[in-house]
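One-letter residues, chain by chain:
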Amino acid sequence: MSEQGAVIHDLGYRGYDGPRLSDAQVARVLYVSGLRHCFGLGRSGRSKILPLGLLGLMLLPALILVGVLVQAKDLLGLSEQIVPYSTYPITVQLLISVFVAAQAPVVFSRDLRFRTITLYLARPLRRTTYVLVRWASLVTATFVVVAAPLLLLYVGGLLAELPVGRETGRFVAALAGAAVLSATLGGLAAVVSALTVRRGLAVAAVIVVLVMSYGVVTTIQGLSEETGRPWLGEAAAAFSPYTLSHHLQVTLFDVPQATPTPPTGTTADAWTLVATAVAVLLPVLLLLARYRKVSG
Amino acid sequence: MAVIETRALTKRYPRVTALDALDVSVGDGVTGLVGANGAGKSTLIKILLGLLPPTSGSASVLGHDVVSEGAAVRAQVGYMPEHDCLPADVSANDLTVHLGQLSGLPYPAARERAADVLRHVGLAEERYRPMGGYSTGMKQRAKLAQALVHDPRLVLLDEPTNGLDPASRDEMLALVRRIGTEFGIAVLVTSHLLGELERVSDHVVVLDSGSLLRSSATSAFLDATGTLLVEVQGRADADRALGQALVDRGLTARPGGERLVEVEVGDRSADDVRDLVVATTTDLGLGLVRLQERHHRIEDVFREGLDV
């Protein structure tokens, strides 16, 4: 042995007798890593551009609206938000759709494409936990993107001295709507990503489905209003996550309406609630069924 | 206690029976699981991990039932799959740390152990690079590292030498041997190449079409075959001259390849035959270079087993 202390000693194999994480802590590790990956954190620099760029684009209109509200409230005689909280996600829906479509494959397709799923399934974590945690990561990331501009609008509204009670009520309603919107969008995009291992295909499929469904729903709503059959438009809202989450806010809270045929009456309210439950739960059940077939 | 124990373990698919009433017991050290492709090796490993339910029968790993206590099994077992399973855009270090955490290691411990096992498997600076750019040898090492990171008591290595060149294959086999001996972790290692496991395993289990063909200590596979190998020198046709002389003295002798003479012991005692060979060699004025028992290789046993 050299005396200079410059020798690398081979310590041999060392075991580990220290404490181990509980199942819940392990699930949290998976949740946090999924959430970080949705924003490109812990991945290459290039993979940060799209999610963080979209988040910036989401915030930009809200920032301008807040600027106008704070600076020119009296000049323009404004007494409420220029774009209501409940309408904002519908206005910037393309950005939200692109985000969820592009990031769902990051959480779901990657593990299947590289077959890393085998390494996860060979760990103590249950298959169901893996699927639910992955879903929760994507839904949370989507919620952050949807809710961040709403928070900016809310803070701006308070700065502009809009009525605090009314603004808080509408903001909370919008957060509930954002949560449902994120859960439905996340679930839908997750199912598509888990079914197609090809990333580009999954991204395109999700965007097309979301854009088309919104287009069809608004067309039906417009026609149903003109032809005096509002129930048709109320029912059709269930078929786009954007109109569904908006109708849910109208049903549960007193918020400004953005669709020509808002839900009216108990039947329409019940329809909206049932459709929301289905839209949130069905994708989760499909995901669980999909992963039961993955043998590792 | 047996590390792995299966009882009448059966796995049937609609068209094939992958495992047929398999009774196997595996202990500590390195156990080779040998069989042709499709013999049921990977199916057995997936059942042992609790990832695939058996059709009937039972299996336990480290005392835990694989069906009802799958999570407990997976907490103490490391698995190196046969197929590719490494994300191309992640470094070996990041993946190993992450999977260590998923096996219950707190972050600081996961980092420390990932560095340790990556060093043991021989990944140096490249462990910080995305794995998409790795050679097959480096990928196999990264796959092995993630199987070891949580300090398992048993590792299941599915075809770890697949796709490796001869030098990397030898290094991987040496590593497998070290895991079973120095690291003190029980190893079940599969291969469809029969010869390579006899060098590293203490015990060999041979599967054929989902059934157990043979399970015994590696040394038993290499039993004496009942023949002696003799090498002599002294003149150009030394081996032929000795062979002829031995036949003249009533022994059964034949060319053993590479100028060796193979002598059957037959009903006589091995010592008598040895003495006779030595005496004959001396009488002919030849020099005796080597006189040893001829041993089986695992391939021979396997071939014989299949003929039966």
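Rules of the game
- Residues numbered from 1 in each chain as written.
- Chains lettered and ligands numbered in written order.
- Predicted model: local features only at pLDDT ≥ 70, side-chain atom pairs only at ≥ 80, totals over all residues.
- Helix = DSSP H or I, 4+ residues; strand = E, 2+ residues; numbered from the N terminus.
- Buried ≥ 20, exposed ≤ 12 C-beta atoms within 10 Å, placed from the backbone.
- Contact = placed C-beta atoms within 7 Å.
- Pairing = 2+ DSSP bridges.
- Axes fitted to C-alpha atoms, helices over the stretch in contact; angles between N-to-C directions.
- Expected span 1.5 Å × (residues − 1).
- Bend = angle between axes of the 7 residues up to and from the residue.
- pLDDT = per-residue confidence, 0-100.

Take the overall build of chain A next. A tally of regular secondary structure across chain A gives twelve helices and zero strands. Reading chain A from its N end, one meets helices and strands in the order α-α-α-α-α-α-α-α-α-α-α-α. Principal-axis analysis of the C-alpha atoms gives chain A an extent of 90 × 45 × 35 Å. Within the span of chain A, comprising 296 residues, buried residues form 43% of the whole. Sequence-distant contacts in chain A: of pairs separated by 6 or more residues, those separated by 24 or more amount to 77%.

Our next topic: the sheet that holds strand E8 (residues 186–191) of chain B. Residues and elements named next belong to chain B. The mixed open sheet is built from six strands, whose spatial order is E6-E7-E8-E3-E9-E10. Each having just a single partner strand, strand E6 (77–80) and strand E10 (211–217) make up the two edges of the open sheet. Adjacent strand axes in the sheet meet at a mean angle of 15°, parallel and antiparallel pairs treated alike. Pairing geometry for strand E3 (residues 30–34) and E8, over five bridges, is parallel.

What follows is about the environment of Pro 84 of chain A. Residues and elements named next belong to chain A. Secondary-structure assignment places Pro 84 in the loop between helix H2 (46–76) and helix H3 (88–91). Overall, the presence of 19 C-beta atoms within 10 Å leaves Pro 84 in the partly exposed class. In sequence terms Pro 84 and Ala 174 are 90 residues apart; their C-alpha atoms lie 9.1 Å from each other. Ignoring any residue separated from it by four or fewer positions in sequence, one finds Pro 84 in contact with Arg 170, Val 255 and Pro 256.

Attention now moves to helix H12 (residues 265–292) of chain A. All names here are of chain A. In a regular helix each residue adds 1.5 Å, so 28 residues correspond to 40 Å; H12 covers 41 Å between its end C-alpha atoms and thus fits that length. Maximum bend of H12: about 25°, positioned at Leu 281, with proline Pro 283 one to four residues after it. Taken residue by residue, H12 has Ala 268, Thr 272, Thr 276, Ala 279, Pro 283 and Leu 287 as its buried positions. The inward-facing, buried residues of H12 abut helix H7 (127–159), helix H8 (164–195), helix H10 (230–236) and helix H11 (241–252).

This part takes up the sheet that holds strand E1 (residues 4–12) of chain B. Residues and elements named next belong to chain B. Taken together, four strands build an open sheet; the order of strands is E2-E1-E4-E5 and the sheet is antiparallel. Only two strands of the sheet have a single partner each, and these edge strands are strand E2 (17–26) and strand E5 (64–65). The pairing of strand E4 (residues 56–61) with E5 spans two bridges and is antiparallel. Note that in E5 the partner of Val 61 across the bridge is His 64. Contacts from helix H1 (residues 41–48) reach E1, E2 and E4 within the one sheet, and its direction differs from that of E1 by about 115°.

Before going further, it helps to spend a moment on the packing of helix H1 (residues 23–38) of chain A against helix H3 (residues 92–102) of chain B. Running from N to C, H1 of chain A and H3 of chain B point in directions that differ by 145°, and their axes come no closer than 8 Å. When H1 of chain A is examined against H3 of chain B, the residues Val 26, Val 29, Leu 30 and Ser 33 of chain A are found in contact with a partner set consisting of His 98, Gln 101 and Leu 102 of chain B.

Structurally, the position occupied by Pro 61 of chain A is in helix H2. Under the C-beta neighbour-count criterion, Pro 61 of chain A is labelled partly exposed, with 18 such atoms within 10 Å.

This part takes up unusual backbone geometry. Residue and element names in this part refer to chain B. One non-glycine residue, Leu 62, adopts positive backbone phi at about 50°. Within the secondary structure, Leu 62 sits in the loop between E4 and E5. Of the residues examined, Leu 62 has 19 C-beta atoms within 10 Å and is grouped as partly exposed. Positive phi values are uncommon outside glycine, yet Asp 151 reaches one of about 55°.

All names here are of chain A. Taken over all residues, the pLDDT of chain A has a mean of 92, while the share at 70 or more is 96%. Per-element mean pLDDT across chain A ranges from 90 in helix H5 (residues 109–113) up to 97 in H7. Note on residues 1–5: pLDDT under 50 across the span, and two contacts to partners over four residues away in sequence or across chains.

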